[in-house]
Each structure stands twice: as C-alpha cells, then as structure tokens.
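Structural overview
The chain contents come next:
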Amino acid sequence: MDAKKRYVTPVTIALAVVALVGVGVWIYQLMGGLGVTGMNNGTSWGLYIASFMFFVGLSAGGLIVASSASIFNVKEYKKVALPAVLVSTVCICMAGMFVLIDLGGIGRVYQLLLSPNFMSPLLWDVCVITCYLVINLVYLFFMTSSKPREKAVKRVSRFALPIAILVHSVTAWIFGLQIANEGWHSAIMAPLFVISAMDSGLALLLISLVALRRAGYLKFEKSLMANLAGLLVTCIAIDGFMVGCEVLTMAYPQAEHGNALLGQMFAGATAPFFWGEIILGVVIPFAILVFAKNRQKTGLVMLSSALVIVGVFFKRIWLLLTSFIFPGIEGSPGLISGSSSTAHATGSDVWTAISAYVPTWVEVVVVLGVVSLGALAFIVLAKTFLVGRKPEPDVVSDAATGAQVA
C-alpha cells in the first residue's frame, strides 16, 4: 500500500484510543444517567448542546464553498470542493452525535417517529439536519464517482446552499422562539447563527486545506487561500456587527432582566467567554486579515482561522449559558437544583435562585472522544478519496502560441 494511504499511523492510533475512551465514558453516563454531568434543573443544556451548536456551524463553510463552486461557477473553489464536502459531512455527523449523547433516555428516541410534534422547533431541526446529511452524502457520491457527474453536482448544489442556510436558521429558532428566555428571544438569532457558522466553517476549511496540502493530499495556489481569507474577514465583520446590534438592543431600554443578563456577560460568570469571543474571534483576526498582504501569508491566515474557531466556540458558551443563570421563576426559595452535588442535601440546601453549571470530567472526556472520532473519520475519508485523485485541470497560457490549453 502507498505510504500516503496508510491508515494506521501514530496520529490515527492516538485518535482511536481517545475515541474509545470517550465511548467507554458515554456508556458510564448511560448507566449513571445525566446526574453524572454538571447539568441540573436550572441548566438543562450544557457542554453537549454547546458543542452541537458549534459543529452545526462548522459544517457550513465546506458546503457553502462546494455549492458556490457549481452554482456561481467559481472555478477556484472547484479545486477544493471535495475536501470541503468531507469537512461538512464529518462536522454534521458530529453535531448529530452530540444531540444523541445529550439525551437521558436514548432508548426512547424512536418515539420521535411514532409521535412527532410538528409545532416543535426541535423536530424541525431533526428534519433539516437529516436533509443536510443526505445532501452531503449525495454530493459526496457524485463527486467521487468514476464517471464525470458535473450536471448532477450542479443540481445538488441548488438544494445544498439553501439547506446549509436553513439548518443554521432552524437551530437558532430552537432558542430564538423561547419567549421565557429573554437572552435568546430575538429575531436576529437566526442571522447571527448563520454568519457565525460561515466564519467558523470557513476558518476550519482553511485549516483543513493547509493541513491536506502539507500532507501531500491536495494542491492549490496561494491565491485561493487569499480569496477564502477575504471571504472570512467579511464574515467576521458582519458577525461582530450583529453581536453589537444585539447587545445595544438589550442595553438601551435599561430593562431589569436585560441589565442582569448583560451584567453576567460583561463582568459576571460568562464574561470570559463573551470578551474572549469579541477579542479573539472578532478584533484580532479582523485586524490581521483586513490587510491584503496578510491574507497572502499562510501562518497569519492559520492563526486568524484558529482564533475565529475558538471565538465562535466561546460565543456558543455565553449565548447558551447566560440565559440559564436566572431561572424563569419568581419568589423564594427558588427551584429544586437537581444537580449531582445536591443529591444528598437536605433542607434549604436543595433550593437555588441562581443556576450554576460547570461541566464534569464525564462531559469533557465524551466531547474529546467525539472530536477525536471526527478527526479520525476525516483523515480516513481524505486518504480514501483524495490520495491518487487526478486534480482539476488549470487553464494556462502556452508560452509559444499564446493559446489557452488545459
């Protein structure tokens, strides 16, 4: 077997070990229930759902680039359309895994099919994510077919682009349509999710492309990287603008609950994640990539892309958890905590008026296991479909005749 196509390497072995440990800890969670996590009655969603939101977003960049290559006939993007679809497929599978992991009674998931509630945004999300995954798989089938399927790829692209936008919008509506949570109940939630999905997805795609090029699986010019980096910095600017609009809308009326939420974001429990997103995910990468000369430098593009990914993950954390800090219930003594730390508490110790959440080692290990499994899957798919594949022909000028040849 070609050395480049060996699947068993130190990296893949390490990823497989971490993934297996994650599976083992997940089984432990199934046996002990969600009480082994840091979630409680006040904070019913934690690291798993934050990761779900994050990876749904990461899947966007790949599919948008791949579909744009066909719909808008962007020839540069056609060279990286296949790895873009691979990134998108792996990320959406990981997102779906986090939903199943977050279920306390996964054995009853079949009830979703037997008694669906079509008024629930959660069901909408299940349907659109399923469609999204199917689109990715169909895309992958046509792109890796032994016979040219350019017309079929173009037809799929017409569905892929709107579904890529819809999947992030529906995920946002899970939060934005909850009137009881003031921090989520906003019409801008869907556009905010879509644009942050685009910048984080593009950032991951750039990192993946450079890694594939250094591994010898892919070839592309620096102009393509600069082009994608230019699109990335545009998305970063729009993302920062939308966050500013949302914060201003919450702050200006001086409403009591809005001020309490902003206090937690600016100087409270979720402040490190809010300011981390603003500084690491918006200000620094924008300041780097806004200059065209910096977009030509691979190191700076990779640094900016990594910061954007970290910043968007921080956004998912503060966006999710800030609204959980103050339970939607008035009056003393509050609500029963339900956390594992108060399982054997008595008297007033079981009550809480402000929700607190810290992920346990179980959640951290399971998340690392899923991430390792996704990285392993991407490596295997890249070696399977990219190694030995004939690159897209470039149109160049013949020096002798001046004619254009492939």
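Bear in mind the structure is a predicted one, so any value in this text is a computation, not a measurement. (Residues numbered from 1 in each chain as written. Predicted model: local features only at pLDDT ≥ 70, side-chain atom pairs only at ≥ 80, totals over all residues. Heavy atoms only, no water.)

Residue position: A50 is located in helix α2 (residues 47-71). Residue A50 is classed as buried on the basis of its relative accessible area of 0%. Sequence separation between A50 and W318 is 268 residues, and the spatial gap between their C-alpha atoms is 9.3 Å. Residue contacts for A50: discarding those within four places in its chain leaves R316, I317 and L320. (Helix = DSSP H or I, 4+ residues; strand = E, 2+ residues; numbered from the N terminus. Buried < 20%, exposed > 50% of the residue type's maximum accessible area, 1.4 Å probe, protein only. Contact = heavy atoms within 4.5 Å.)

Turning our eyes to something else, we now look at the packing of α2 against helix α8 (residues 189-214). In the contact formed by α2 and α8, the axes pass within 6 Å of each other and the chain directions differ by 70°. Our classification of the angle between α2 and α8 gives roughly perpendicular. When you trace α2 past α8, the crossing you get is right-handed. Of α8, the residues touching α2 (which contributes M53, G57, L58, A60, G61, G62, I64 and V65) are F193, A197, M198, S200, G201, L202, L204 and L205. Across the contact of α2 with α8, the residue classes break down as 11 nonpolar, 5 polar and no charged. (Axes fitted to C-alpha atoms, helices over the stretch in contact; angles between N-to-C directions. Parallel < 35°, antiparallel > 145°, perpendicular 65-115°, else oblique. Left-handed = near helix turned anticlockwise from the far one by under 90°. Nonpolar A, V, L, I, M, F, W, Y, C, P; charged D, E, K, R; others polar.)

Okay, a positive patch on the surface next. A surface patch of positive charge is lined by K151, K154, R155 and R158. Following the sequence through the fold, R158 ends up in helix α7 (residues 150-176). Given the relative accessible area of 55%, R158 is considered exposed. (Patch = residues over 30% accessible without salt bridge, like charges linked within 9 Å, V, L, I, M, F, W, Y side chains within 5 Å. Areas by Shrake-Rupley, 256 points an atom, 1.4 Å probe, with all protein chains shown as cover. Salt bridge = Lys/Arg side-chain N within 4 Å of Asp/Glu carboxyl O. Lys, Arg positive; Asp, Glu negative; His and termini not counted. Charge placed at Lys NZ, Arg CZ, Asp CG, Glu CD.)

Okay, a nonpolar patch on the surface next. On the surface, F266, W275, I279, V283 and I284 cluster together to form a nonpolar patch covering roughly 420 Å² of accessible area. Ranked by the residues each element gives to the nonpolar patch, the list is headed by helix α11 (residues 271-289), at 4 residues. Among the structural elements, W275 can be located in helix α11. Judged by relative accessible area, which is 38%, W275 ranks as partly exposed.

Right, let's talk about the side chain of K315 for a bit. Note on placement: K315 falls in helix α12 (residues 298-321). Its relative accessible area of 1% is what places K315 among the buried residues. Polar contacts involving the side chain of K315 include one to the side chain of D239, which spans 2.4 Å. When residues no more than four places from it in sequence are discounted, the contact partners of K315 are L192, S196, D239, V243 and E277. (Polar contact = N/O pair within 3.5 Å; in protein donor to acceptor, adjacent residues only side chain to side chain.)

Once that is clear, we can look at the pattern of salt bridges. Tallying each qualifying case throughout the model produces 3 salt bridges. Close ionic contact of E221 with K79 constitutes a salt bridge, the shortest N to O distance being 3.0 Å. With E221 in the loop between α8 and α9 (222-251) and K79 in the loop between α3 (75-78) and α4 (81-102), this residue pair connects regions lying 142 residues apart in the sequence. On the accessibility criterion, E221 (33% relative accessible area) is partly exposed. Linking E277 and K315 is a salt bridge whose minimum nitrogen-to-oxygen distance equals 3.7 Å. In this pair, E277 is assigned in helix α11 and K315 in helix α12, connecting sequence segments 38 residues apart. Note on E277: relative accessible area 1%, which makes it buried.

Over its 23 residues, helix α1 (residues 10-32) runs 33 Å from end to end, which matches the ideal 33 Å to within 8%, given 1.5 Å per residue. Those residues of α1 lying buried are T12, L15, A19, G22, V25 and Q29. Contacts from the buried residues of α1 go to α2, α4 and α13 (361-385). Looking one or two places after α1, you find G33, whose phi comes out positive at around 80°. (Expected span 1.5 Å × (residues − 1).)

Attention now moves to the nonpolar core. Grouped together as the largest cluster of nonpolar side chains are 115 residues, with contacts concentrated most on Y139, F175 and L320. Look past the residues within four positions of Y139 in its chain and what remains in contact with it is L63, A66, S67, S70, V85, V153, V156, S157 and A160. (Core = buried A, V, L, I, M, F, W, Y, C linked by side-chain atoms within 4.5 Å.)

In this section: helix α6 (residues 121-143). The terminal C-alpha atoms of α6, which comprises 23 residues, lie 32 Å apart, in line with the 33 Å expected from a rise of 1.5 Å per residue. Next to the buried residues of α6 lie α2, α4, α5 (111-114), α7 and α13.

On to the environment of V365, then. Locating V365 in the fold gives a position in helix α13. Taking C-alpha positions, V365 is 9.1 Å from A19, a pair spaced 346 residues apart along the chain. Aside from chain neighbours lying at most four places away, what touches V365 is V21, G22 and V25.

Evaluated as defined, the whole model comprises 0 disulfides. In this model C127 remains outside any disulfide bridge; the closest cysteine sulfur is found in C131, 6.9 Å from its own. Residue class for C131 comes out partly exposed when judged on its relative accessible area of 42%. (Disulfide = S-S within 2.5 Å.)

Tracing the backbone shows S196 in helix α8. A distance of 3.2 Å separates the side chain of S196 from the backbone oxygen of F193, its partner in a polar contact. Reaching out from S196, the side chain makes a polar contact with the side chain of R316 at a distance of 3.0 Å. Leaving out residues up to four positions away in the same chain, S196 has contacts with D239, V312, K315 and R316.

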